Amino acid sequence: VLMVGAGGIGCELVKNLVMTGFEDITMIDLDTIDYSNLNRQFLFRAKHVGRSKAEVARESAMEFPHSDRLVIDARHGNIKSNTFTFDFFKQFNIVLNGLDNVDARRHVNRVCLATGVPLVESGTEGYLGQARAIIKGQFKCYECDPPAVKKTHPVCTIRNHPDKPIHCIV
């Protein structure tokens, strides 16, 4: 399994993979842990601030009950770098996206389509989340069925004393 992203969704993914018996996981994330992550990325603690999300997620996941054959390869890097070639992707049976970057999500989508590797695309926007399988020739790809455009509210609807929840959100 190739897991791209070790943030909020990635923490859940690696926990679920380990706890359900997956034994060969490669995890990639280019980000480091910040204090603002600690309220929703449960594998990280204050002592981890500044460290690689992928590396700390690996360390934390290895503490869960797991098979003796479990191997988690954690890589601190950008999935769009030349290191992660088509041949790199082809060694996996499935790719799981847990990215918060649309450009990186598009990139992984395109590489998976080009290599024929199934992708489970997941993400969040505000309180909404989605997950879907993307398999070339069977299901729409990420860019073939883009997320809905955000509904906008004119600034004139925002008042000094908001009387609707949307005014506070905007």
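Scroll up to find the structure.
As a starting point, this report considers the structure included with it. (Residues numbered from 1 in each chain as written. Predicted model: local features only at pLDDT ≥ 70, side-chain atom pairs only at ≥ 80, totals over all residues. Heavy atoms only, no water.)

## Digging into the overall build of the protein
Here comes step 1: A tally of regular secondary structure across the protein gives 5 helices and 6 strands.
Here comes step 2: Taken from the N to the C terminus, the helices and strands of the protein come in the order β-α-β-α-β-α-β-α-β-β-α.
Here comes step 3: The burial tally for the protein puts 36% of its 170 residues in the buried class.
Here comes step 4: Restricting to contacts in the protein with at least 6 residues of sequence separation, those with at least 24 account for 53%.
Here comes step 5: Split by element, the accessible area of the protein, about 10300 Å² in all, is 53% carbon and sulfur. (Helix = DSSP H or I, 4+ residues; strand = E, 2+ residues; numbered from the N terminus. Buried < 20%, exposed > 50% of the residue type's maximum accessible area, 1.4 Å probe, protein only. Contact = heavy atoms within 4.5 Å. Areas by Shrake-Rupley, 256 points an atom, 1.4 Å probe, with all protein chains shown as cover.)

## Side note on helix α4 (residues 102-115)
Here comes step 1: With 14 residues, α4 should reach 20 Å at 1.5 Å per residue; the first-to-last C-alpha distance of 20 Å fits that figure.
Here comes step 2: Those residues of α4 that sit buried are Ala-104, Arg-105, Val-108, Asn-109, Val-111, Cys-112 and Thr-115.
Here comes step 3: The N-capping residue of α4, defined by a side-chain oxygen 2.9 Å from the backbone nitrogen of Asp-103, is Asn-101. (Expected span 1.5 Å × (residues − 1). Polar contact = N/O pair within 3.5 Å; in protein donor to acceptor, adjacent residues only side chain to side chain.)

## Some thoughts on the pattern of salt bridges
Here comes step 1: Per the counting criterion, the structure on display carries 9 salt bridges.
Here comes step 2: Its salt-bridge partner being Lys-53, residue Asp-31 comes within 3.2 Å of it at the nearest N-O pair. With Asp-31 in the loop between β2 (24-29) and α2 (53-61) and Lys-53 in helix α2, this residue pair connects regions lying 22 residues apart in the sequence.
Here comes step 3: Of the residues examined, Asp-31 reaches a relative accessible area of 32% and is grouped as partly exposed.
Here comes step 4: Look at Lys-53 and you get buried, because its relative accessible area is 4%.
Here comes step 5: Taken together, the shared-partner salt bridges in this structure form one network comprising Arg-106, Arg-110 and Glu-143. (Salt bridge = Lys/Arg side-chain N within 4 Å of Asp/Glu carboxyl O.)

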